[in-house]
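Observations on the three-dimensional arrangement
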Amino acid sequence: MRTNICLFLFAILSSAFACKNSGPKQDEEQKPTLSIETADFGQTQEGPAKLYTLKNENGMEVVITNYGGIITRLLAPDKDGEFTDVVLGFDNLEDYQKDHPYFGAIIGRYGNRIAKGKFTIDGQEYTLAANNGPNALHGGPTGFHKRLWEAKETEREGYVGLELSRVSEDMEEGYPGNLSATVRYLLNNDNELLIEYEATADEPTIVNLTNHTYFNLKGAGKEDILGHILMVDADYFTPVDSTLIPTGELRPVEGTPFDFNTPTPIGERINAEDEQLTFGLGYDHNFVLDREGPGLELAATVREPTTGRFLEVLTTEPGLQFYSGNFLDGTNIGKYAVQYDYRSGFCLETQHYPDSPNQPDFPSTVLRPGETYASRTVYRFSVKP
Ligand code: BGC
């Protein structure tokens, strides 16, 4: 009798299991869990710009334009499953074509500052435009953020992706050599946005690519970011002079407002009396990441306590520029007619250290013919109430 009951139960359970298995399979066939859509975004001097929307099965969306490789919108869930756009930016192409603080853009050829816009390779001196006080910043006035990129969908197991590429010609913005650059944005069902950067050159040159997205995990530009709780896995940072050029020193963070090894609200020490905070008007500094090898490693996490949104940043890069939006001053009106006030967004720019071409002790940013520059960063979104 007991055997019969067991057999009966087994039959019921296995048929239920079979049904359960066949259900989602059919759904999967009907509806792809990862998708990409294209829309027009307007005209640029170099041709028409498009918007590409990457979506995953959880409802996460990342919208990118091939003008500047800019991330224009990123929907991430909060603790109640509510999706909100957590990146600053504009809702039209014209505003991106004007001057703006690099919202969401690919930065190149050299992310961050180069002192006096000068550097030397193999004894040959090069001069870049001084577009930030006496220094060169973020690849120059018409850097990678202001160029139209060739775009195509890219296939990768478990991801939906967009591949952007362009050739930056010899002496574009003052940099030597023809540089072929490719940037891939890839989204998976673990809510990870993977960014891959690659470049090759036909002459010795320098390269340091990054992405300049401003995040606000409460929602794009909503209030300031001072309550966000930041962790940076770094025992040292690179202190700067008053023009934000590194002095060359690697300074321990211990005992300073730059120690984020224990998660700490961004606003807790931002107004402390500290010469470095005075120079940056807050945080605008490169952290020397604690690294174990060349692969993707966790560099930083940010938790927004009211929404529970949690961002993890992983990278292959040696440095991370943490910028607390100190130069946002309300002059930019972004999407949803939101005014971007002081410290209403923060950037976590994975990169080599600022001014590396003039700092022989910093990891090198020189790229020579025959070599491939390759860098990867992941922005992973989840919830941690
Ligand atoms: C720099 C800031 C600069 C901002 C926007 C950041 O990467 O570190 O100093 O104001 O970009 O240009």
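Look a little higher up for the structure.
The next point concerns the site of the ligand. Residues in contact with the ligand, as listed here, are Y102, R113, L137, H138, H212, Y214, D284, Q321, Y323, F327 and E349. Between the ligand and R113, the relevant distance is 2.7 Å, taken from an oxygen atom to a side-chain nitrogen or oxygen of the residue. H212 has a polar side-chain atom sitting 2.7 Å from an oxygen atom of the ligand. About the coverage of the ligand: the protein hides 94% of its 310 Å² of free accessible area. Here the ligand is seated within the largest pocket.

For the largest pocket, the calculated volume is near 400 Å³. Lining the largest pocket are 20 residues, with P101, Y102, N132, L137 and H138 sitting closest to its centre. For the lining of the largest pocket, the residue count by class is 7 nonpolar, 8 polar and 5 charged.

Before going further, it helps to spend a moment on the sheet that holds strand β5 (residues 83–85). Across the sheet, 5 strands lie side by side as β1-β2-β3-β4-β5; this open sheet has antiparallel pairing. A single partner strand is all that each edge strand has here, and the edge strands are β1 (35–44) and β5. Averaged over all pairs of adjacent strands, the angle between strand axes in this sheet comes to 15 degrees, irrespective of strand direction. Sheet analysis places strand β4 (residues 70–77) next to β5, joined by 3 bridges and oriented antiparallel. Looking across to β5, one finds that A76 is bridged to T84.

Within this structure, the stated rule accounts for 22 aromatic pairs. Where F258 meets Y283, the ring centres are 5.4 Å apart and the plane angle is 85 degrees; that geometry is what we call edge-to-face. Of this pair, F258 sits in the loop between β20 (251–252) and β21 (264–265) while Y283 sits in the loop between α3 (275–280) and β22 (284–289), and the two are 25 residues apart along the sequence. Y283 sits in the buried class, given a relative accessible area of 0%. Cluster of aromatic residues (ring-pair linked, three or more members): F41, F90, Y96, F103, Y214, Y323, F327 and Y340. Taking NZ or CZ as reference, R269 lies 4.8 Å from the ring centre of F260, over its face.

Below, the discussion takes up the pattern of salt bridges. In this structure the tally under the stated criterion is 17 salt bridges. Put simply, E163 and K152 hold a salt bridge, and the shortest N to O gap is 3.8 Å. Remark: K152 occurs in strand β11 (residues 150–156) and E163 occurs in strand β12 (residues 159–168); sequence separation between them is 11 residues. Classification of E163 as buried rests on a relative accessible area of 15%. One salt-bridge network, held together by shared partners, links K152, R156, E163, R184, E196 and E198.

Glancing now at the side chain of D284. Inspection of the secondary structure assignment puts D284 in strand β22. In this structure, D284 is buried with no salt-bridge partner, the nearest side chain bearing the opposite charge being R113 at 4.4 Å. Those residues in contact with D284, other than ones at most four positions away along the chain, are R113, L244, Q321, F322, Y323, N326 and F327.

How each quantity is defined
- All residue numbers refer to position in the chain's written sequence, counted from 1.
- Per-residue local features are limited, in this predicted model, to residues with pLDDT of at least 70; the limit for side-chain atom pairs, both in listing and counting, is 80 or more; totals at the level of whole chains, interfaces and linings are taken over all residues.
- To get the side-chain values, take all heavy atoms of the structure and skip hydrogens and water.
- Proximity is defined per residue: if any heavy atom of the residue lies within 4 Å of a molecule or strand, that residue is considered near it.
- Polar contact criterion, stated in full: a pair of N or O atoms within 3.5 Å, where within protein one must be able to donate a hydrogen and the other to accept it, and residues adjacent in sequence count only if both atoms are side-chain atoms.
- Calculation of accessible area relied on Shrake-Rupley with a 1.4 Å probe; when residues are assessed, cover is drawn exclusively from the protein chains displayed.
- Whether a set of points on the 1 Å grid over the protein atoms alone is a cavity depends on a 1.4 Å probe fitting there but being unable to get out, while an open set qualifies as a pocket with protein on both sides within 12 Å along at least five of seven lines; lining residues are those with an atom within 4 Å of a point.
- Occupancy of a cavity or pocket is assigned to a molecule whenever over half of its atoms lie within 2 Å of that pocket's grid points.
- Grid points are joined across faces, edges and corners, and a volume is the space filled by probe spheres set on the points.
- Polarity classes work like this: nonpolar for Ala, Val, Leu, Ile, Met, Phe, Trp, Tyr, Cys and Pro, charged for Asp, Glu, Lys and Arg, and polar for all others, with Gly in that last group.
- Criterion used throughout: strands pair if DSSP finds at least two bridges between them.
- Note on conventions: DSSP H or I runs of at least 4 residues are helices, E runs of at least 2 residues are strands, and numbering of each starts at the N terminus.
- Interaxial angles span 0 to 180 degrees and are taken between N-to-C directions of axes, which are lines fitted to C-alpha atoms, for helices over the stretch in contact.
- In this scheme Phe, Tyr and Trp rings, the latter by its six-membered ring, pair at centre separations within 6.5 Å, and the angle between planes marks the pair as stacked below 30 degrees, edge-to-face above 60, and tilted otherwise.
- Whether a residue is buried, partly exposed or exposed follows from its accessible area with a 1.4 Å probe, protein chains only, as a fraction of its type maximum: under 20%, in between, or over 50%, in that order.
- A ring is considered to have a charge above it if a Lys NZ or an Arg CZ atom is located within 6 Å of its centre and within 35 degrees of its normal.
- By convention in these notes, a salt bridge is any Lys or Arg side-chain nitrogen within 4 Å of a carboxyl oxygen on Asp or Glu.
- Note on charges: Lys and Arg go in the positive column, Asp and Glu in the negative column, and His and the chain ends are not counted at all.
- Contacts are assigned to residue pairs with any non-hydrogen atoms lying within 4.5 Å of each other.

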